[in-house]
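Summary of the model geometry
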Amino acid sequence: MAQHALDEVTESGAFNPSASTFRNFISKDPTSQFPAESGRYHLYISFACPFACRCLTYLKLKGLDKVISFSSVKPKWERTKETDDYFGWVFPASSTEESGADPDTLNGAKSIRELYELANSNYCGKYTVPVLWDKKLKTIVNNESSEIIRMLNTEFNEIAKNADLDLYPSHLQALIDETNEWVYDRISIGVYKCGFARKQEPYDEAVVQLYEALDKCEEILSNQHYICGNHFTEADIRLFVTLIRFDEIDPLGFDVTKERIGSGHNRYIVVPFGGRTTRFREPRVITVYPAVPFSSKTVYAVHFKCNKKLIREYPNLFNYTKDIYQISGISSTVNMEHIRKSYYGSHPSLNPYGIIPIGPSIDYSTPHDRERFN
Ligand SMILES: N[C@@H](CCC(=O)N[C@@H](CS)C(=O)NCC(=O)O)C(=O)O
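Residues numbered from 1 in each chain as written. Predicted model: local features only at pLDDT ≥ 70, side-chain atom pairs only at ≥ 80, totals over all residues. Heavy atoms only, no water.

Below, the discussion takes up the side chain of Arg 40. Looking at the secondary structure, you find Arg 40 in the segment before β1 (41–45). A distance of 2.8 Å separates the side chain of Arg 40 from the side chain of Asp 134, its partner in a polar contact. Those residues in contact with Arg 40 that lie beyond four places of it in its chain are Gln 33, Phe 34, Pro 35, Val 67, Trp 133, Asp 134, Lys 135, Lys 136 and Leu 137. (Helix = DSSP H or I, 4+ residues; strand = E, 2+ residues; numbered from the N terminus. Polar contact = N/O pair within 3.5 Å; in protein donor to acceptor, adjacent residues only side chain to side chain. Contact = heavy atoms within 4.5 Å.)

Here's what the structure looks like:
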């Protein structure tokens, strides 16, 4: 059994991930094995992982982040044991080692792998995030994001701050399920199918399907506010976590304006803006030959070869992404520094030197036009 999703590739070269292994459910029933209780559970995430961030988004939106604690691993995979070559998610040794990541004060684990081994000493499989951990029984409840978000939606409502928020309302369930199916297959996992393909044919197939699905989203979102109508649902969160990783915001804190200076040449004026990491003290003018727009240097577009079109070339999808980003609590689930470091730094077979491209500058907090559907 493969230890990494990256290695779950069939003989024909296509990415084919295996199912998650821990599939228990937390229930509002106090007599169940895993009852919904304040302070009992912990969510281990990576800010880089779209699947883990689905769950974090639920903690924020449902007002459960005081009821269920959470912490993030470091973004870049590291060796997890002296005795073998498995590289995976690790915790920092101290809270100052890596901004956004926390040591594992609960179990004293050095890696996510250790948690899987604590839960099952015979475990062999992938060591993925998210991990929903039961502090009382010292085990993994569930490591499948699509199930964790369903529990968070309904089972903690007695103690959730925003119990009334229902992201899987009964009248939309059939439509949400149907939407999830094609969005997952062609977009959420579709970008990984493009990136992890080891032969041209499966890549060609996945990339066509990805862009057909993005075109379909664009069409749907030109007629309605959200992907399943005018109601914000689970399906929007599942789509958003991929869209936000497609066109990355400027990680270095540069405001880049482009000027054309003759055929084939672009001049970029790079201006540092306040409060964020900057590399230059003074505004600089840099010239790029030939005319390669910065906007082509994005996470999925570059790293996973999803470069037919960027999200911001789709007016409705782009404004939709901004709209969701601006929902209270959501921007705190987006850590671009972790996303960049992780994708570019953790897949040596895709990016052997671990070089992180500069990326474009997009401000997702700027106005959008989605209120037109209100
Ligand atoms: N089915 C899982 C998939 C989670 C998943 O693929 N996580 C990736 C990060 S995006 C991971 O932890 N990979 C570690 C590895 O492949 O070793 C879910 O949706 O919860």
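Before going further, it helps to examine the nonpolar core. One finds Ile 112 and Leu 214 to be the most contacted residues of the largest nonpolar core, which totals 99 residues. Looking at which element gives the most residues to this core, the answer is helix α6 (residues 200–221), with nine residues. Sequence-distant contacts of Leu 214, defined by excluding residues within four places in its chain, comprise Ile 187, Leu 243, Phe 246, Ile 311, Tyr 314 and Leu 317. (Core = buried A, V, L, I, M, F, W, Y, C linked by side-chain atoms within 4.5 Å. Buried < 20%, exposed > 50% of the residue type's maximum accessible area, 1.4 Å probe, protein only.)

Okay, the packing of aromatic side chains next. How two aromatic rings sit relative to each other is set out by the distance from centre to centre and by the angle between their planes. Going through the model one piece at a time under the given rule, you end up with 23 aromatic pairs. A centroid spacing of 6.2 Å and a plane angle of 85 degrees characterise the contact between Tyr 41 and Phe 156, whose relative ring orientation is edge-to-face. One end of the pair, Tyr 41, is in strand β1; the other, Phe 156, is in the loop between α3 (145–154) and α4 (173–188), with 115 residues separating them in the sequence. Both residues of the pair, Tyr 41 and Phe 156, count as buried. An aromatic cluster of three or more residues is present, and its members are Phe 15, Phe 51, Tyr 192, Phe 196, Phe 246, Tyr 300, Phe 304 and Tyr 343. (Phe/Tyr/Trp six-rings, centres within 6.5 Å; stacked < 30°, edge-to-face > 60°.)

This next bit is on helix α1 (residues 50–61). Residue pairs spaced three or four apart in an α-helix point in one direction, given the helix's 3.6 residues per turn. The terminal C-alpha atoms of α1, which comprises 12 residues, lie 16 Å apart, in line with the 16 Å expected from a rise of 1.5 Å per residue. Judged by how many residues are buried, α1 sits mostly within the fold: 11 of 12 residues are covered. Taken residue by residue, α1 has Pro 50, Phe 51, Ala 52, Cys 53, Arg 54, Cys 55, Leu 56, Thr 57, Tyr 58, Leu 59 and Leu 61 as its buried positions. Within two residues after α1, Gly 63 carries a phi angle of roughly 70 degrees, on the positive side. (Expected span 1.5 Å × (residues − 1).)

Here we come to the UniProt feature "active site" (unreviewed entry) in the chain. In this numbering, the UniProt entry assigns the feature "active site" (unreviewed entry) to Cys 49 and Tyr 192. On the basis of their most widely separated C-alpha atoms, the annotated residues across 144 residues gather in one place, lying no more than 11.8 Å apart. With respect to the helices, strands and loops of the structure, Cys 49 is situated in the loop between β1 and α1. Exposure remark for Cys 49: the relative accessible area of 9% places this residue in the buried category. (UniProt positions renumbered as here; feature names shortened; annotations may be inferred.)

Feature annotation in UniProt assigns "binding site: glutathione" (unreviewed entry) to the following positions: Trp 89, Lys 126, Tyr 127, Thr 128, Val 129, Glu 144 and Ser 145. Checked against the element boundaries, Lys 126 lands in the loop between α2 (112–119) and β5 (131–134). Dropping the residues within four chain positions of it, Lys 126 is found in contact with Ala 2, Gln 3, His 4, Ala 5, Glu 8, Pro 17, Ser 18 and Tyr 116. Separated by 2.9 Å, the side chains of Lys 126 and Glu 8 make a polar contact. Considering the arrangement of structural elements, one finds Ser 145 in helix α3.

What follows deals with the environment of Cys 49. Placed 278 residues apart in sequence, Cys 49 and Ile 327 show a C-alpha to C-alpha distance of 20 Å. Once you skip the residues sitting within four places of it in the chain, Cys 49 turns out to touch Val 129 and Arg 245.

All right, on to the packing of α1 against α3 then. Orientation of α1 relative to α3, taken along the N-to-C sense of each, is 5 degrees, at an axis distance of 9 Å. Compared by their axis directions, α1 and α3 come out roughly parallel. Residues Phe 51, Arg 54, Cys 55, Tyr 58 and Leu 59 of α1 form the contact with α3, whose own contacting residues are Ser 145, Ser 146, Ile 148, Ile 149, Leu 152 and Asn 153. Taken together, the residues that form the contact of α1 with α3 break down as seven nonpolar, three polar and one charged. (Axes fitted to C-alpha atoms, helices over the stretch in contact; angles between N-to-C directions. Parallel < 35°, antiparallel > 145°, perpendicular 65-115°, else oblique. Nonpolar A, V, L, I, M, F, W, Y, C, P; charged D, E, K, R; others polar.)

Attention now moves to the site of the ligand. By nearness alone, 18 residues border the ligand, and His 4, Ala 5, Trp 89, Glu 144 and Ser 145 come closest of all. At 2.9 Å from an oxygen atom of the ligand is found a main-chain nitrogen or oxygen belonging to Ala 5. A distance of 3.4 Å separates an oxygen atom of the ligand from a polar side-chain atom of Tyr 86. In isolation the ligand has 520 Å² of accessible area, and contact with the protein removes 89% of it. By residue class, the composition of the shell around the ligand is 11 nonpolar, six polar and one charged. (Near = heavy atom within 4 Å. Areas by Shrake-Rupley, 256 points an atom, 1.4 Å probe, with all protein chains shown as cover.)

Here four strands make up an open sheet; going across it, the order is β2-β1-β5-β6 and the pairing mixed. Two strands in the sheet have a free side with no partner beyond their single neighbour: β2 (69–72) and β6 (139–142). Each strand axis lies, on average, 35 degrees off the axis of its neighbour in the sheet, ignoring direction. Here β5 runs beside β6; their pairing, made up of three bridges, is antiparallel. (Pairing = 2+ DSSP bridges.)

So, on to the confidence of the model for the chain. Caution applies to low-pLDDT regions: their predicted coordinates should not be interpreted in detail. On average, residues of the chain carry a pLDDT of 88, and 86% of them reach 70 or more. Across residues 249–262 the pLDDT falls below 50, and counting only partners more than four positions away or on other chains, this stretch makes 60 contacts in the model. Taken together, the stretch residues 286–297 has pLDDT below 50 and engages in 39 contacts with residues farther than four places along the chain or on a different chain. With a pTM of 0.87, the predicted complex shows an ipTM of 0.99. (pLDDT = per-residue confidence, 0-100.)

Turning our attention to α2. Residues of α2 that are buried: Ile 112, Arg 113, Leu 115 and Tyr 116. An end-on view of α2 places all buried positions within 160 degrees of arc, on one side of the element. Buried residues belonging to α2 abut β1, β5 and β6. (Arc of directions from axis to C-beta.)

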